[in-house]
Amino acid sequence: MTAELHGTRVALLATDGVERIELEQPRGALHGAGARTEVIALHTGEINARQMDIDPAGTLTVDRTAAEASADDYDALLLPGGAMNPDQLRTDPDAVGFAREFMRTGKPVAAICHGPLTLVEAEVVRGRRLTSWPSIRTDLRNAGAEVVEEEVVIDGNLVTTRGPDDLPAFCAALVAQLARARTPQFA
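Being a predicted model, the structure only gives us computed values, none of them experimental. (Residues numbered from 1 in each chain as written. Predicted model: local features only at pLDDT ≥ 70, side-chain atom pairs only at ≥ 80, totals over all residues. Heavy atoms only, no water.)

1. Focus on the sheet that holds strand S2 (residues 18–19)
Then, number 1: One open sheet holds the 3 strands; their spatial order is S2-S4-S5, and the pairing between them is mixed. For this open sheet the edge positions go to S2 and strand S5 (55–61), each flanked by a neighbour on one side alone.
Then, number 2: Taken together, the 5 bridges between strand S4 (residues 46–51) and S5 define a ladder with antiparallel strand orientation. Residue pairing in the sheet places Ile-47 in a bridge with Leu-60 of S5. (Pairing = 2+ DSSP bridges. Helix = DSSP H or I, 4+ residues; strand = E, 2+ residues; numbered from the N terminus.)

2. Remarks on the UniProt feature "domain: DJ-1/PfpI" (unreviewed entry) in the chain
Then, number 1: Per the UniProt record, "domain: DJ-1/PfpI" (unreviewed entry) is annotated on residues 9–177.
Then, number 2: Strand forms 28% of residues 9–177 and helix 33%; the C-alpha atoms that close the span are 14 Å apart. (UniProt positions renumbered as here; feature names shortened; annotations may be inferred.)

3. Considerations on the pairing of strand S8 (residues 109–112)
Taken residue by residue, a regular strand's side chains alternate between the two faces of the sheet.
Then, number 1: Burial along S8 is two-sided: Val-109 and Ala-111 facing one way and Ala-110 and Ile-112 facing the other are all buried.
Then, number 2: Bridging between strand S7 (residues 76–79) and S8 involves 3 bridges; their strand directions are parallel. The residue of S8 that forms the bridge with Leu-78 is Ala-110. (Buried < 20%, exposed > 50% of the residue type's maximum accessible area, 1.4 Å probe, protein only.)

4. Concerning the packing of aromatic side chains
Then, number 1: Under the criterion given, the structure shown has 2 aromatic pairs.
Then, number 2: Measuring from ring centre to ring centre gives 6.2 Å for Tyr-74 and Phe-98, while their planes differ by 85°; the resulting arrangement is edge-to-face. Here Phe-98 lies in helix H3 (residues 93–105) and Tyr-74 lies in the loop between strand S6 (64–65) and S7, a separation of 24 residues in the sequence.
Then, number 3: Judged by its relative accessible area of 1%, Tyr-74 is buried.
Then, number 4: Classification of Phe-98 by relative accessible area gives buried; the value is 1%.
Then, number 5: For the pair Phe-98 and Phe-102, a centre-to-centre distance of 5.2 Å together with 85° between the ring planes defines the contact as edge-to-face. With Phe-98 and Phe-102 both in helix H3 and 4 residues apart, the pair spans about one turn of that helix.
Then, number 6: Taking relative accessible area as the criterion, Phe-102 reaches 0% and is therefore assigned buried.
Then, number 7: A network of ring pairs unites the aromatic residues Tyr-74, Phe-98 and Phe-102 as a single cluster. (Phe/Tyr/Trp six-rings, centres within 6.5 Å; stacked < 30°, edge-to-face > 60°.)

5. A closer look at helix H6 (residues 167–182)
Then, number 1: Taking 1.5 Å of rise per residue, the 16 residues of H6 would be expected to cover 22 Å, and the 22 Å separating its terminal C-alpha atoms lies within 8% of that figure.
Then, number 2: Every buried residue belonging to H6 is among Leu-167, Phe-170, Cys-171, Ala-173, Leu-174, Val-175, Gln-177, Leu-178 and Ala-179, and all of these are buried.
Then, number 3: On its buried face, H6 is in contact with strand S1 (9–13), helix H1 (20–32), S7, S8, strand S11 (152–155) and strand S12 (158–161). (Expected span 1.5 Å × (residues − 1). Contact = heavy atoms within 4.5 Å.)

6. Digging into the pattern of salt bridges
Then, number 1: Enumeration over the complete set of coordinates arrives at 11 salt bridges.
Then, number 2: Here Glu-38 makes a salt bridge to Arg-9, at a shortest N to O gap of 2.8 Å. Of the two residues, Glu-38 is situated in strand S3 (residues 36–41) and Arg-9 in strand S1; the sequence distance between them amounts to 29 residues. Both residues of the pair, Glu-38 and Arg-9, count as buried.
Then, number 3: The salt bridge involving Asp-166 is made with Arg-162; its shortest N-O contact spans 2.6 Å.
Then, number 4: Of the residues examined, Asp-166 reaches a relative accessible area of 7% and is grouped as buried.
Then, number 5: Three or more residues joined by partner-sharing salt bridges are found here, namely Arg-9, Glu-38, Arg-64 and Asp-73. (Salt bridge = Lys/Arg side-chain N within 4 Å of Asp/Glu carboxyl O.)

Below you can see the structure in the form of structure tokens.
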């Protein structure tokens, strides 16, 4: 384990229907770099994960609800996908407000696959360059985003990727982006 992210706290905003690998693989990369993570969900207890949006993939323990969480408590936000997960998050005012708060602070925000849908609802993608799962690209364009077909896209504080196949590159970019965010601008 490296310590480049020691002391960094990352919120993982997810709920029932989250694509397990899209939460677990980045979480593992973050932990491996020394960061701490917390699952922020719509309800307490556990959330039900999925594999390929269809098959049950166990449960994940919730650390806090979106209603209890604040961007002030974290250094970064991760929005994993799965089709059902962001579809539920985008209808919850607390979850949408939490994502909006992160984008407005300029802290790193990372979104995978369908994850950017929560950012669409938060009205924070206009003029941003990003990538996503193909089926939501029209939604992103209609919200004013520039959508590109690339493995990983970094636009300021926003890091996005298309889906599970891109997770190795995404995880490396996420850790690097968080390490850069910890570096003082003026040495």
